[in-house]
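Coordinate inspection notes
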Protein chains: 2
Amino acid sequence: MKKTPSFEDSWKVEIRRGILQYAVLAIVSRHKEEGIHGYGLARELDEKTDGLLGVKEGTLYPILHRLRKERLLNVRTEKSEAGPVRKVYVLTGDGDRVYRELTSILGSIFDKLEALR
Amino acid sequence: MKKTPSFEDSWKVEIRRGILQYAVLAIVSRHKEEGIHGYGLARELDEKTDGLLGVKEGTLYPILHRLRKERLLNVRTEKSEAGPVRKVYVLTGDGDRVYRELTSILGSIFDKLEALR
DNA sequence: GGAAAGTACTTAGTATCGCTATGTACTGCC
DNA sequence: GGCAGTACATAGCGATACTAAGTACTTTCC
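Residues numbered from 1 in each chain as written. Chains lettered and ligands numbered in written order. Predicted model: local features only at pLDDT ≥ 70, side-chain atom pairs only at ≥ 80, totals over all residues. Heavy atoms only, no water.

This part takes up the relation of the copies chain B and chain A. For the pair chain B and chain A, the superposition axis carries a translation of 0.0 Å, the fit reaches an RMSD of 0.1 Å, and the rotation angle comes to 180 degrees. When the rotation and shift are considered jointly, the pair of chain copies conforms to a two-fold rotation axis. Within chain B, B:Arg17 has its C-alpha nearest the rotation axis, a separation of 3.4 Å. When the interface residues of chain B are mapped onto chain A, 100% of them again fall at the interface, so both copies present the same face. (Least-squares fit on C-alpha atoms with pLDDT ≥ 70 in both. Contact = heavy atoms within 4.5 Å.)

Let's shift gears to the interface of chain B and chain A. If you look at the interface, chain B gives 40 residues, while chain A gives 41 residues. Both faces considered, chain B and chain A share a buried interface measuring about 4000 Å² in area, 73% of it formed by carbon and sulfur atoms. The interface formed by chain B and chain A includes six salt bridges. The partner of B:Glu8 in a salt bridge is A:Arg97, with the nearest N and O atoms 3.5 Å apart. Scanning the region where chain B abuts chain A turns up eight residue pairs in polar contact (both at pLDDT 80 or more). Elements with a contribution of two residues or more to the side of chain B that touches chain A: helix H1 (7-14), helix H2 (19-30), helix H3 (38-48) and helix H5 (93-116) of chain B. Among the elements that line the side of chain B that touches chain A, the one with the most residues is H5(B), at 15 residues. Taken together, the residues that form the side of chain B that touches chain A break down as 23 nonpolar, five polar and 12 charged. (Buried area = accessible area lost by both parts, 1.4 Å probe. Salt bridge = Lys/Arg side-chain N within 4 Å of Asp/Glu carboxyl O. Polar contact = N/O pair within 3.5 Å; in protein donor to acceptor, adjacent residues only side chain to side chain. Helix = DSSP H or I, 4+ residues; strand = E, 2+ residues; numbered from the N terminus. Nonpolar A, V, L, I, M, F, W, Y, C, P; charged D, E, K, R; others polar.)

Next up on the list: the environment of A:Gly54. Residues and elements named next belong to chain A. Checked against the element boundaries, Gly54 lands in the loop between helix H3 (38-48) and helix H4 (57-69). Separated by 10 residues in the primary sequence, Gly54 and Glu44 have C-alpha atoms spaced 8.9 Å apart. Here Gly54 is in contact with Arg16, Asp46 and Thr49, once residues within four sequence places are set aside.

As a further point, take the packing of aromatic side chains. This structure, assessed with the given rule, holds three aromatic pairs over all chains. With centroids separated by 3.8 Å and ring planes inclined at 15 degrees, the aromatic side chains of A:Phe110 and B:Phe110 adopt a geometry described as stacked. Placement of A:Phe110 in helix H5 (residues 93-116) and of B:Phe110 in helix H5 is noted, with the two residues assigned to different chains. (Phe/Tyr/Trp six-rings, centres within 6.5 Å; stacked < 30°, edge-to-face > 60°.)

Next up on the list: the protein's contact with DNA strand C. Around DNA strand C, the surrounding shell holds 31 residues, and the nearest of these are A:Tyr61, A:Arg86, A:Lys87, B:Arg17 and B:Arg66. Between DNA strand C and the protein, one listed contact pairs a base nitrogen with a side-chain N or O atom of A:Glu57 at 2.9 Å. At 2.5 Å, a backbone N or O of A:Lys87 approaches a phosphate oxygen of DNA strand C. At the level of elements, H3, H4 and strand S3 (86-91) of chain A together with H2 and helix H4 (57-69) of chain B are the ones that each hand at least two residues to the surface near DNA strand C. (Near = heavy atom within 4 Å.)

Attention now goes to the packing of helix H2 (residues 19-30) of chain A against H3(A). Residue and element names in this part refer to chain A. Axis separation between H2 and H3 bottoms out at 10 Å; the angle between their running directions is 105 degrees. Taken as axis vectors, H2 and H3 run roughly perpendicular relative to one another. Residues Ala23, Val24, Ile27, Val28 and Arg30 of H2 form the contact with H3, whose participating residues are Leu41, Glu44, Leu45 and Lys48. When its residues are assigned to classes, the contact of H2 with H3 shows six nonpolar, no polar and three charged. (Axes fitted to C-alpha atoms, helices over the stretch in contact; angles between N-to-C directions. Parallel < 35°, antiparallel > 145°, perpendicular 65-115°, else oblique.)

Dropping the structure here:
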């Protein structure tokens, strides 16, 4: 049987909701022209955030599928030099628009939180 | 039947997870000595964030109950001049410690997100 | 040629939390 | 007596991140 997680442990999971989707959009946005595939995205996310926003595959791929379904990302396949076929994602016009808007909202939220302190 | 919410609408709900719990701790922390009751907290949260982090009662009270159950808040009752008995919440020692830690984590997350852009 | 490690993606099942909706109840004012 | 404002409680629902397990391709090394 598993120990009940502490409040802080649960919070650290909950706070990632929405944040991770945003982070994925942010990374894809960094690769506007070429796009980026899932496995590489996971590595970059992990490195760029020093593990703070690192994700397992079981978390990342469903996010990519959702964003694609919402037409925020386009996907194409690409041969890999060292493994199975990759799926390369790029932002759509909508994706870019939404990314900008979420950036703005997130900024406001953090401002308000700081004002609350 | 109800229209399927857009990606952004869902995101705006999801992003509040964890954030709201933190905001509640922050408000209670502002009233270290006297404490604050739920109804007043809701008003203050709404005002201080210009409605951005406003909550309905059905959202706020479960949060307060959770924080109490986790022993981050203590509660006492108090007579109101204009309504039923109030429940006044104050931070516990643990609550204060956790609040500080969450503040630090949130700061890191936001820093990383900015670095991602 | 086969095992192992690294690359790459998929999906089923679970828990949690914020939201909607609804209900209860007390006070003061007209 | 009814209404508005104050004050709290809770059941049911939907969305998402996590765990866990599986599939499959390439290169390296013995």
